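Observations on the model geometry
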Amino acid sequence: MKRVQLVGVGIATLLISMAGDCSRARVESINKMNEGVTAAVQKRYADATKLLESAAVVDPENDQVFWNLSLVHMELHKFDKARDDLNKAIALNAKSGGYQEKLGTILIELKDWAAAKSAFEKAIELEPGLFKAYYKLAQVNEQLDDQQSALKNYTTAIDKGSRFLEAYNALGRLYADLGYLDQSVQVLQEAMKVALPGTEEEAQAHHLLGTVYQQQKKYDDAVREFKAALDVVPGMRDALFSLGWTYQLQGNKEEAKRYLQKFVDVAGAEAPAHYVKAARDKIAEMAEGFATSASNQ
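Since the structure is predicted, the reported quantities are computational estimates derived from the model, not experimental observations.

With respect to the packing of aromatic side chains
Evaluated as defined, the whole model comprises nine aromatic pairs. Taking 5.9 Å as the distance between ring centres and 55° as the angle between the ring planes, the aromatic pair formed by Tyr135 and Tyr154 counts as tilted. Of the two residues, Tyr135 is situated in helix α7 (residues 131–143) and Tyr154 in helix α8 (residues 147–160); the sequence distance between them amounts to 19 residues. Each member of the pair, Tyr135 as well as Tyr154, is classed as buried. Site record: aromatic cluster; members linked through ring pairs are Phe131, Tyr135, Tyr154 and Phe164.

Structure representation (structure tokens):
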């Protein structure tokens, strides 16, 4: 199963204006809702929740209130409540693809994969241009072990959002996982053309491309890509490990030890334990090799 990496949620900063023919209840509801959105932007989530709930009481037909309330509950990681909020918004406005996409995002957090798949498919049906819905649907496809559909939907996400780098990286990684290394290289090289210089996404693309070159035993190319990733994000753990590991595959023990030790030094609790163990074991193995070589001279 693949770890799902979500695109950030964020609280909308756009306040809703009032149409001229709004009812008095709708006007009051929108005013309270706008106050709630402002509080949420300021990260005053308790105040935001109270204001938005009050806006919903004043006008239970205001679907935007439930949308904004769902965003606040997502920020608070109250995903059950966020799901319920979105379902209320959808019941009031069934034609919004954005509502369905956000519902799918919440269902991913709840690991309700089948329901998430349905929500993203509905979002795409309503608004075919929602490229992030294709991306998230592909992530769900992977969780459901439907790799071909994932490839298709990542590709469509790229077609509809040509500068959406996360989709390039995900497609390149999946091609590599499935053993289609040439296709992976092609996708990741295209990712470099749209990557914003100096961003973590650019560093991730360099790292992914490096791992594919490593699998192809093109070690010089792999080293180049890992170094490029580190030029963008100097302390990037994955790149430090991969660069050290590639150097040891080349037989460059001095550089291998240097970068693997850098990885161990910055690994922290979030680094996978088996990677830390592998790095330490390899450093120890190379140290023994140095000692044996020195004793034989």
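What to know about the nonpolar core
The biggest cluster of nonpolar side chains holds 57 residues, and the ones touching the most others in it are Phe120, Tyr135, Tyr154, Tyr168 and Leu171. Listed in part, the 31 residues of the second largest apolar core include Ala203, Leu230, Met236 and Ala239.

Regarding the packing of helix α11 (residues 200–215) against helix α13 (residues 237–250)
One way to put it is that α11 packs onto α13 with a least axis distance of 11 Å and a crossing angle of 20°. In terms of axis orientation, α11 runs roughly parallel to α13. Where α11 crosses over α13, the two elements pack in a sense that is left-handed. Residues His207, Thr211 and Gln214 of α11 touch α13, and the partners they reach there are Asp238, Ala239, Ser242, Trp245, Thr246 and Leu249. Split by residue class, the contact of α11 with α13 holds three nonpolar, five polar and one charged.

Considerations on the pattern of salt bridges
Counted according to the given criterion, the structure contains 16 salt bridges. For Arg224, the salt bridge is made with Glu225, and the minimal N-O distance between the two is 3.2 Å. For Arg224, a relative accessible area of 42% corresponds to the partly exposed category. Salt-bridge contacts for Glu270 lead to Arg237; the nearest nitrogen and oxygen are separated by 3.7 Å. Here Glu270, found in the loop between α14 (253–266) and α15 (273–295), pairs with Arg237, found in helix α13; they are 33 residues apart in sequence, far enough to count as distant. With relative accessibility at 29%, the residue Arg237 sits in the partly exposed group. Several salt bridges share partner residues, and in doing so they unite Asp80, Arg83 and Asp84 into one network.

Describing the confidence of the model for the protein
Scored by pLDDT, the protein has a mean of 91; 90% of the residues are at 70 or more. For residues 1–10, every residue scores under 50 in pLDDT, and the model assigns this stretch 27 contacts once sequence neighbours within four places are set aside. The low-confidence segment residues 12–20 (pLDDT under 50) makes 15 contacts with residues lying over four places distant or belonging to another chain.

Here's the deal with unusual backbone geometry
Leaving glycine aside, a negative phi is the common case for residues, and trans is the common case for peptide bonds. If you check the backbone angles, Lys111 has positive phi at about 60° while not being a glycine. Examined against the element boundaries, Lys111 turns out to sit in the loop between α5 (97–109) and α6 (113–126). For Lys217, which is not glycine, the phi torsion reads 65° and is therefore positive. Of note, Lys217 is situated in the loop between α11 and α12 (219–232).

Re the packing of α11 against α12
Where α11 contacts α12, the two axes come as close as 8 Å, and the packing angle between them is 165°. With respect to α12, the axis of α11 lies roughly antiparallel. In terms of crossing hand, the pair formed by α11 and α12 is left-handed. In contact with Glu202, Ala203, His206, His207, Leu209, Gly210, Thr211, Tyr213 and Gln214 of α11, α12 contributes Tyr219, Asp221, Ala222, Arg224, Glu225, Phe226, Ala228, Ala229 and Val232. Along the lines of polarity and charge, the residues of the contact of α11 with α12 split into nine nonpolar, five polar and four charged.

Let's talk about the environment of Glu166
Within the secondary structure, Glu166 is located in helix α9 (residues 165–177). When its relative accessible area of 27% is taken as the criterion, Glu166 is described as partly exposed. Those residues in contact with Glu166, other than ones at most four positions away along the chain, are Tyr135 and Glu201.

A short note on the environment of Ala195
With respect to the helices and strands, the residue Ala195 is situated in the loop between α10 (181–194) and α11. As for Ala195 and Tyr168, which are separated by 27 residues in sequence, their C-alpha atoms are 9.8 Å apart. Once residues within four sequence positions are removed from consideration, Ala195 is found in contact with Leu165 and Glu202.

Things to note about α8
With 14 residues, α8 extends 20 Å from end C-alpha to end C-alpha; this agrees with the ideal 20 Å at 1.5 Å per step. Residues Ala150, Leu151, Asn153, Tyr154, Thr156, Ala157 and Ile158 constitute the buried set of α8. Tucked into the core, α8 has its buried residues touching α7 and α9.

Procedures and definitions
Residues numbered from 1 in each chain as written. Predicted model: local features only at pLDDT ≥ 70, side-chain atom pairs only at ≥ 80, totals over all residues. Heavy atoms only, no water. Phe/Tyr/Trp six-rings, centres within 6.5 Å; stacked < 30°, edge-to-face > 60°. Helix = DSSP H or I, 4+ residues; strand = E, 2+ residues; numbered from the N terminus. Buried < 20%, exposed > 50% of the residue type's maximum accessible area, 1.4 Å probe, protein only. Core = buried A, V, L, I, M, F, W, Y, C linked by side-chain atoms within 4.5 Å. Axes fitted to C-alpha atoms, helices over the stretch in contact; angles between N-to-C directions. Parallel < 35°, antiparallel > 145°, perpendicular 65-115°, else oblique. Left-handed = near helix turned anticlockwise from the far one by under 90°. Contact = heavy atoms within 4.5 Å. Nonpolar A, V, L, I, M, F, W, Y, C, P; charged D, E, K, R; others polar. Salt bridge = Lys/Arg side-chain N within 4 Å of Asp/Glu carboxyl O. pLDDT = per-residue confidence, 0-100. Expected span 1.5 Å × (residues − 1).

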